[in-house]
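Understanding the architecture of this molecule
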Amino acid sequence: MGPAGARPGSPPSPPLLLLLLLLLLLRAARPRGAELTFELPDSAKQCFHEDVERGAKFSLDYQVITGGHYDVDCYVEDPLGKTIYRETKKQYDSFTHRAEVKGVYQFCFSNEFSTFSHKTVYFDFQVGDEPPILPDMGNRVTALTQMESACVTIHEALKTVIDSQTHYRLREAQDRARAEELNSRVSYWSVGETVALFLVSFSQVLLLKSFFTEKRPAPRVAHS
Amino acid sequence: MRTLRLAPLRRRDWGAGARMRGGPRAFVGRCRGGWRRAMGQLALLLLALCAAGARGLYFHIGETEKRCFIEEIPDETMVIGNYRTQMWDKQKEVFLPSTPGLGMHVEVKDPEGKVVLSRQYGSEGRFTFTSHTPGDHQICLHSNSTRMSLFAGGRLRVHLDIQGGEHANNYPEIAAKDKLTELQLRARQLLDQVEQIQKEQDYQRYREERFRLTSESTNQRVLWWSIAQTVILILTGIWQMRHLKSFFEAKKLV
């Protein structure tokens with residue numbers, strides 16, 4: 001299929017036009033949402049913006065995967081600048097809202113309270129419902145057949161499975177990060193403690209020896 | 001009985017498509033105008049909208065700032081990223097709709113740190129890569145356009161959209177290519193979802209194994225270092241006593 005077939009000046013054929021229309025509808029009809037994992041440096045704030053229609057319901061799920069105490073500040077602002085959600089030092093949360101105002105909604109993650117730990121944050125921002133996979137599936141006049149409704153049921157169930165898999169994957173990533181941090185910490189501390197052990201024992205002996213090697217005749221008194 | 005050929009695995013939800021004023025039906029209404037020139041212009045308009053449609057989520061980055069995103073994916077998974085950049089115009093105090101000459105450098109690293117993709121794209125681009133090892137892939141974007149150095153404190157608005165797995169499959173395209181009915185297309189979607197679930201489960205098994213190895217390594221380290229430190233402590237104590245005893249004997253204090 002070639003949308004590039006339309007050249008300026010030459011009128012395209014109706015099938016091509018309909019194909020273009022189909023492509024455009026496809027792009028417009030895709031579920032609006034983003035799922036991203038990003039790194040948030042220490043004392044930094046990162047904001048994301050999304051355009052939401054009036055009356056559309058959007059949801060934001062976020063979770064801190066690695067870093068520090070695994071917490072982050074988050075706030076969501078509507079186009080008028082009003083804060084509709086604000087939480088501090090949360091590890092994970094889910095927030096849904098029905099947009100009353102059309103415009104650009106902004107959600108920000110802040111790590112400004114932390115001075116030396118950078119965090120990895122996952123968020124999933126979904127707007128609206130999932131549209132059908134073919135654009136004309138939404139304008140059905142007849143009811144769904146049994147096969148089709150079975151397909152829809154299975155599809156919804158599989159979406160739940162995929163979502164819970166993502167949830168477990170994030171949890172596991174968090175636990176694994178902690179375990180690996182513990183592993184390396186055990187190594188460093190063990191080596192450090194051994195070195196400290198040696199230093200302390202040598203310096204103890206040296207210190208004790210230095211008490212008795214001062215130029216005092218007193219210890220030699222026994223000779224006379 | 002599977003007569004459907006599986007499309008390559010991609011992941012997760014597609015981000016925003018083009019935003020249309022008036023909705024899909026408005027365009028269909030305009031289509032029925034019938035004039036060839038009008039249709040030509042409409043085609044161009046549709047093409048333009050296809051190309052320049054707002055992609056939903058966007059964020060701002062500075063001139064030389066680098067933004068990295070992490071995608072944790074199983075192996076043999078294709079990830080597609082689309083981005084569009086707009087530059088801040090200081091005079092008009094608005095973001096220009098499209099700026100030619102603006103470039104973004106995209107770099108993708110696999111879990112071992114090896115660079116999988118490192119390319120420069122234009123102000124609007126689409127990058128694709130397929131993972132060959134499961135794990136955290138890092139996708140970094142930064143602008144290295146020389147034009148930006150002319151604008152002090154330039155800011156870029158980047159519309160970004162990354163998906164991998166089955167949700168990014170282009171179902172109308174698949175339906176047209178394989179000539180599937182609606183029911184067959186639904187079944188194809190279910191098959192893709194199930195395959196994604198299977199891959200994710202394989203990846204989970206691999207992750208669990210890594211986690212177990214890490215835990216066992218920690219366990220071993222704690223055990224051996226504790227024993228070693230106790231032994232060193234005892235030996236050091238014995239050495240101290242002997243050394244001091246010989247020192248005091250030399251000093252004729254004992």
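The rules behind the values
Residues numbered from 1 in each chain as written. Chains lettered and ligands numbered in written order. Predicted model: local features only at pLDDT ≥ 70, side-chain atom pairs only at ≥ 80, totals over all residues. Heavy atoms only, no water. UniProt positions renumbered as here; feature names shortened; annotations may be inferred. Helix = DSSP H or I, 4+ residues; strand = E, 2+ residues; numbered from the N terminus. Buried < 20%, exposed > 50% of the residue type's maximum accessible area, 1.4 Å probe, protein only. Contact = heavy atoms within 4.5 Å. Areas by Shrake-Rupley, 256 points an atom, 1.4 Å probe, with all protein chains shown as cover. Phe/Tyr/Trp six-rings, centres within 6.5 Å; stacked < 30°, edge-to-face > 60°. Domains from an automatic or database assignment. Buried area = accessible area lost by both parts, 1.4 Å probe. Salt bridge = Lys/Arg side-chain N within 4 Å of Asp/Glu carboxyl O. Nonpolar A, V, L, I, M, F, W, Y, C, P; charged D, E, K, R; others polar. pLDDT = per-residue confidence, 0-100. Disulfide = S-S within 2.5 Å. Core = buried A, V, L, I, M, F, W, Y, C linked by side-chain atoms within 4.5 Å. Pairing = 2+ DSSP bridges. Axes fitted to C-alpha atoms, helices over the stretch in contact; angles between N-to-C directions. Parallel < 35°, antiparallel > 145°, perpendicular 65-115°, else oblique. Left-handed = near helix turned anticlockwise from the far one by under 90°.

Chain B is annotated in an unreviewed UniProt entry as Transmembrane emp24 domain-containing protein 4 from Acinonyx jubatus. Word for word, the UniProt comment on chain B under Sequence similarities (unreviewed entry) is "Belongs to the EMP24/GP25L family."

Within an unreviewed UniProt entry, the label attached to chain A reads Transmembrane emp24 domain-containing protein 3 isoform X2, and the organism entered is Acinonyx jubatus. Under the UniProt heading Sequence similarities (unreviewed entry), the entry covering chain A gives this text: "Belongs to the EMP24/GP25L family."

A closer look at the overall build of chain B
From N to C terminus, chain B includes 4 helices and 9 strands. If you list the helices and strands of chain B from N to C, you get α-α-β-β-β-β-β-β-β-β-β-α-α. Each of the 254 residues in chain B was classed as buried or not, and the buried ones make up 48%. Considering only residue pairs separated by 6 or more positions, chain B has 75% of its internal contacts joining residues 24 or more positions apart. Here chain B displays about 13400 Å² of accessible surface, and carbon together with sulfur accounts for 56% of that area.

Examining the packing of aromatic side chains
How two aromatic rings sit relative to each other is set out by the distance from centre to centre and by the angle between their planes. Residues and elements named next belong to chain A. Scanning the model with the defined rule gives 21 aromatic pairs over all chains in all. With 6.5 Å between their ring centres and 70° between their planes, Phe58 and Phe95 make a pair best called edge-to-face. Here the residue Phe58 occupies a position in strand β3 (residues 57-66), and Phe95 occupies one in strand β6 (residues 92-98), the gap between them amounting to 37 residues. Phe58 sits in the buried class, given a relative accessible area of 1%.

Quick word on the domain arrangement of chain A
Interfaces are often sized by the amount of accessible area the parts lose when they come together. All names here are of chain A. What the domain assignment reports for chain A is domain 1 (31-131) and domain 2 (144-212). Averaged C-alpha coordinates put domain 1 and domain 2 at centres separated by 25 Å. Taken together, the 9 residues of domain 1 in the interface contact 10 residues of domain 2. Together, the buried faces of domain 1 and domain 2 total about 910 Å²; carbon and sulfur atoms form 47% of this surface. Here domain 1 is connected to domain 2 by 0 salt bridges. If one sorts the elements of the side of domain 1 that touches domain 2 by residue count, β3 sits on top with 4 residues. Grouping the constituent residues of the side of domain 1 that touches domain 2 by class yields 5 nonpolar, 2 polar and 2 charged.

Overview of the environment of Thr130(B)
All names here are of chain B. Here Thr130 is to be found in strand β7 (residues 124-130). Overall, the relative accessible area of 28% leaves Thr130 in the partly exposed class. For Thr130 and Val79, which are 51 residues apart along the polypeptide, the C-alpha to C-alpha distance reads 6.1 Å. When neighbours within four sequence positions are excluded, Thr130 is seen to be in contact with Glu76, Thr77 and Met78.

Regarding the UniProt feature "domain: GOLD" (unreviewed entry) in chain A
Mapped onto this numbering, the UniProt entry annotates "domain: GOLD" (unreviewed entry) at residues 45-127 of chain A. Structurally, residues 45-127 of chain A is divided into 0% helix and 67% strand, and its ends, taken at the C-alpha atoms, are 23 Å apart.

As for the confidence of the model for chain B
Residues and elements named next belong to chain B. For chain B, per-residue confidence averages 77 on the pLDDT scale, and residues scoring 70 or more make up 72% of the total. No element of chain B has a lower mean pLDDT than helix α1 (residues 24-31), at 47, and none a higher one than helix α4 (residues 182-250), at 92. Under a pLDDT of 50 for its full length, residues 26-31 has, in the predicted model, 13 contacts with residues more than four places off or in other chains. Among the prediction metrics, the complex's ipTM stands at 0.71, with pTM recorded as 0.71.

Considerations on the state of the cysteines
For the structure on display, the rule yields 2 disulfides over all chains. The disulfide that involves Cys47(A) links it to Cys108(A), with 2.0 Å between the sulfurs. Here the S-S torsion is close to 110°, and the disulfide linking Cys47(A) with Cys108(A) is therefore right-handed. Of the two residues, Cys47(A) is situated in strand β2 (residues 45-52) and Cys108(A) in strand β7 (residues 103-110); the sequence distance between them amounts to 61 residues. Between Cys68(B) and Cys140(B) runs a disulfide, and the two sulfur atoms are separated by 2.0 Å. Measuring handedness by torsion sign, the sulfur bridge of Cys68(B) and Cys140(B) sits at about 105° and is right-handed. Of this pair, Cys68(B) sits in strand β2 (residues 66-73) while Cys140(B) sits in strand β8 (residues 135-143), and the two are 72 residues apart along the sequence. Judged by relative accessible area, Cys140(B) falls into the buried class, the value being 4%.

Side note on the nonpolar core
Generally speaking, a soluble globular protein has its nonpolar side chains buried in company with each other. Residues Phe48(A), Phe107(A), Phe109(A), Phe123(A) and Phe69(B) are the most contacted members of the largest nonpolar core, which totals 47 residues. Dropping the residues within four chain positions of it, Phe109(A) is found in contact with Phe38(A), Leu40(A), Ala44(A), Lys45(A), Gln46(A), Phe48(A), Tyr62(A), Val72(A), Asp73(A), Cys74(A), Val121(A) and Phe123(A). Formed by 8 residues, the second largest nonpolar core is a distinct cluster that contains Ile133(A), Leu134(A), Met137(A) and Ile174(B).

Looking at the pairing of strand β5 (residues 104-109) of chain B
All names here are of chain B. For β5, the buried fraction is high: 5 of the 6 residues fall into the buried class. Pairing between β5 and β8: 6 bridges, direction antiparallel. Paired with Glu107 across the bridge in β8 is Cys140.

A word on the side chain of Gln240(B)
With respect to the secondary-structure elements, Gln240(B) resides in helix α4. Dropping the residues within four chain positions of it, Gln240(B) is found in contact with Ser201(A), Gln204(A) and Val205(A).

Regarding the packing of helix α3 (residues 171-178) of chain B against α4(B)
Each pair of packed helices gets described by two things: the angle between the helix axes and the distance between those axes. All names here are of chain B. At a closest axis distance of 11 Å, the pairing of α3 and α4 adopts a crossing angle of 120°. It follows that α3 is oblique to α4 by the angle criterion. Our pair here, α3 against α4, has a crossing hand that is right-handed. Listed contacts from α4 to Tyr171, Ile174, Ala175 and Asp178 of α3 are Leu185, Arg188, Gln189 and Asp192. For the contact of α3 with α4, the per-class residue count stands at 4 nonpolar, 1 polar and 3 charged.

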